[in-house]
2 protein chains.
Amino acid sequence: MKCSICGRQYSKPVQRCECGEPVEFEVFKGEPYIGKSIWERFWDFWPVEPVMKLSLGEGDTPLVKSKLGKEFGVKLHLKNETVNPTWSFKDRGTFLAVSYALKAGYKAVGTVSTGNMAASVAAYASRFDLDAVILVSENAGDEKLKAVSVYGGDVIRVRGDYGRLYFESLKLGERLRIYFINSDNPFRVEGYKGIAFEIAEEITPDYVLVPTSSGGLFRGIAKGFIELKESGLIDELPMLVAVQVGGCSPICRAFHDGKERIERFQNPGTIAKAIANPYPPSGNAVLKLLGKFGWECVTVSDSEIIEAQRELAGEGLFVQPASATGIAALKKLVDSESIREGSKVVSILTGSGLKTLKSAPEGEVEDCPLETLDNCLKSR
Amino acid sequence: MKCSICGRQYSKPVQRCECGEPVEFEVFKGEPYIGKSIWERFWDFWPVEPVMKLSLGEGDTPLVKSKLGKEFGVKLHLKNETVNPTWSFKDRGTFLAVSYALKAGYKAVGTVSTGNMAASVAAYASRFDLDAVILVSENAGDEKLKAVSVYGGDVIRVRGDYGRLYFESLKLGERLRIYFINSDNPFRVEGYKGIAFEIAEEITPDYVLVPTSSGGLFRGIAKGFIELKESGLIDELPMLVAVQVGGCSPICRAFHDGKERIERFQNPGTIAKAIANPYPPSGNAVLKLLGKFGWECVTVSDSEIIEAQRELAGEGLFVQPASATGIAALKKLVDSESIREGSKVVSILTGSGLKTLKSAPEGEVEDCPLETLDNCLKSR
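Quick caveat, the model's predicted, so the values are computed rather than measured. (Residues numbered from 1 in each chain as written. Chains lettered and ligands numbered in written order. Predicted model: local features only at pLDDT ≥ 70, side-chain atom pairs only at ≥ 80, totals over all residues.)

(A) Representation of the packing of helix H3 (residues 90-103) of chain B against helix H4 (residues 116-127) of chain B within the structure. All names here are of chain B. In contact at an axis separation of 9 Å, H3 and H4 are set at 40° when each is read in the N-to-C sense. As far as their axial angle goes, H4 and H3 are oblique. Note on packing geometry: the crossing formed by H3 with H4 is right-handed. When H3 is examined against H4, the residues Lys90, Asp91, Thr94, Phe95 and Val98 are found in contact with a partner set consisting of Asn116, Met117, Ser120, Val121, Tyr124 and Ala125. (Axes fitted to C-alpha atoms, helices over the stretch in contact; angles between N-to-C directions. Helix = DSSP H or I, 4+ residues; strand = E, 2+ residues; numbered from the N terminus. Parallel < 35°, antiparallel > 145°, perpendicular 65-115°, else oblique. Left-handed = near helix turned anticlockwise from the far one by under 90°. Contact = placed C-beta atoms within 7 Å.)

The structure is reproduced here in structure tokens:
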């Protein structure tokens, strides 16, 4: 492994570099095989052997042709990650990281999250017969926690600085032999490569729009495409676009200011809670990738997100606000003519709208007595 | 098409026989092809050409090896239908039925449902650019309707006898050219055959446990296996088990009383709302199948369901109460020695637990200050 920023090498899997930045695995090269699951087809590319008999069928999600492409003058595809076992992309990374934890002899895994990742780690810990320690922030709602605690792990509401908790958990985990699978854990990031592999099996995209918070998902998809290119399986890298919300965009801000380091985003606020990390642990690593490959960072507003969420629902895909940011960004890229007409574009739909039902756009509900239903239907 | 009960033949697709019972398509015979989707691989077996370019990737769900099998002395597999585009098995039937509606020139589709089916029809109507009329009961909760109205159809709360609404909607639909895709619509039933086909692609089950309400899902899975046998693709039919809840079990009651006709179940009550139809429109058709093939009907209690729901969550699969009935039934079948040791069993997980979050088993949540997190973790 090596540090994504300073390049320092490590011979054993560590969580982060001594310089504080995320470490990453070497660039894997290989060839594709025939197999039913993404894990089997890209067997050469994982840093640990996936425990296939405990797979829940994560990954291998549909790439859906979008009707919205026409409106934007591009060929738009939606990578629907909401149909994973716990209904978000997190399961890909969790499965791989828990496979490592099991092989490394850990009896417990943990994570710091209140949303998709918490549910995912709790679910896979149960599946792998490992204890789970889920550290959530003190203002996590009861309803949200139900979708986590149902899997049976230890859910602990931690009073204190939630940002510090990320780093504290890694330290404590090392001491207490709990393997923490946080947002940009190196194995988790490797799991996300599958998204790139699956896309490349179907099309050669010009642009891939990635909702970006901690940076783990972006780094994983980027590494996936890089490995495909290094392996000679694709000729060119697509243009990756990191999408953030204006109310919390530490990566885009640093990128547009030409800085090499992100700064903590003050007073973050957005409906897209799943991507509202004010100080993303892989922020600098994402910045480096954006610069190196000439990629883009785009911010969108809450109202643009709500509009995009509605449009996606109009295609039959109900996603959480964070997942709609890609479509909102596409609109901006088209309006500013930064995207070529006829381009092949993929937007990643990260998680199910059922997870954020309270904030969902409210539709109208009429009332009608059965006796006069005839008239109610006619007057629609 | 012919009536499932009286056998009367119809040359055009109708919704129900004049005798009031459900009609069904002939038994299709064919051979499997190579293809990515279940629709392509079993192309010979659909009564209408699926509109593939509008598919949302429904079907092709994982068959997950269950750890619970060991405990029960059987080889248990879980067919995880919660990872469909609207997170329930309904999408398979909806996609096929909406494909028909589009080809038949309908401008609007409808359904009578407050749950999974409502969301599914609303989603696919949007996807197919058709109007949607979703008729829900007057006591449908606002929160539940949000997951339906978000897709943009006309949601109408109908005051009056909800049972009558099923039949009224078919009549009104015919008059007003709205194609109603209710629970046991003939195309919907055909769509569910894919579950049988996919299972048979992976294993040859001895038992298949099917949560049963209207009877549409049971009939679809049954017809799927029958067609596989008639096509020479499997040698023997599995034993199908219709599972109902004690609080609403009109089919099991009639079956165990040796009757040929179901009776309306008085004062139904259960937490498994998704399978609480007191007068299932395909009840008699299911009864006939159970009798003809020597299949089984098993009832389970609410407390057994909650226990099974917890056990499934312990495997990483969070399902709605109705979906846990199969596991609850398996326990009973094992206890009464009605199932051979070492049998290959498949239980159908029909829909996501996120849909019924309010009724989900509550897990414990601890509190801990960040400063003493060390101690909190040690004392777990």
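(B) Spotlight on the pairing of strand S7 (residues 154-159) of chain A. Residues and elements named next belong to chain A. In this sheet, S7 lies alongside strand S6 (residues 131-137) in parallel orientation, the contact comprising five bridges. What sits directly across from Ser137, in S7, is Val158. Remark: the S6/helix H5 (residues 142-149)/S7 crossover connection has right-handed handedness. (Pairing = 2+ DSSP bridges. Right-handed = clockwise from strand over helix to strand, strands pointing away.)

(C) Structural view of the sheet that holds strand S6 (residues 131-137) of chain B. The five strands are arranged S13(A)-S7(B)-S6(B)-S5(B)-S8(B) in an open sheet whose pairing can be described as parallel. Where the open sheet ends on each side, the last strands, each with one partner, are strand S13 (365-369) of chain A together with strand S8 (178-180) of chain B. Going across the sheet, the axis of each strand differs from the next one's by a mean of 30°, ignoring polarity. Of the strand pairs in this sheet, strand S5 (residues 108-112) of chain B and S6 of chain B are connected by five bridges, and their pairing is parallel. Looking at the pairing, Gly110 of chain B lines up with Val133 of chain B of S6 of chain B. This element, helix H5 (residues 142-149) of chain B, spans S13 of chain A together with S6 and strand S7 (154-159) of chain B of the sheet and lies at about 145° to S7 of chain B. Helix H6 (residues 162-176) of chain B contacts S5, S6, S7 and S8 of chain B of the sheet and is inclined by roughly 145° relative to S8 of chain B.

(D) Quick look at the domain arrangement of chain A. Residue and element names in this part refer to chain A. The domain boundaries assigned to chain A delineate domain 1 (63-87 + 187-359) and domain 2 (90-180). Centre-to-centre, using C-alpha coordinates, domain 1 lies 24 Å away from domain 2. Contacts between domain 1 and domain 2 engage 16 residues on the former and 15 residues on the latter. Partitioning the side of domain 1 that touches domain 2 into residue classes produces seven nonpolar, five polar and four charged. (Domains from an automatic or database assignment. Nonpolar A, V, L, I, M, F, W, Y, C, P; charged D, E, K, R; others polar.)

(E) Geometry of helix H3 (residues 90-103) of chain A. Residues and elements named next belong to chain A. Its 14 residues give H3 an end-to-end C-alpha distance of 20 Å, which sits within 8% of 20 Å, the value for a rise of 1.5 Å per residue. Of all 14 residues making up H3, 12 are buried, and the element is well covered by its neighbours. Along H3, the positions that sit buried rather than exposed are Lys90, Asp91, Arg92, Gly93, Thr94, Phe95, Leu96, Ala97, Val98, Ser99, Tyr100 and Ala101. Looking at the buried positions of H3, the neighbouring elements they touch are strand S5 (108-112), helix H4 (116-127), strand S8 (178-180) and helix H7 (186-202). Remark: Gly105 follows H3 within two positions and exhibits a positive phi of approximately 85°. (Expected span 1.5 Å × (residues − 1). Buried ≥ 20, exposed ≤ 12 C-beta atoms within 10 Å, placed from the backbone.)

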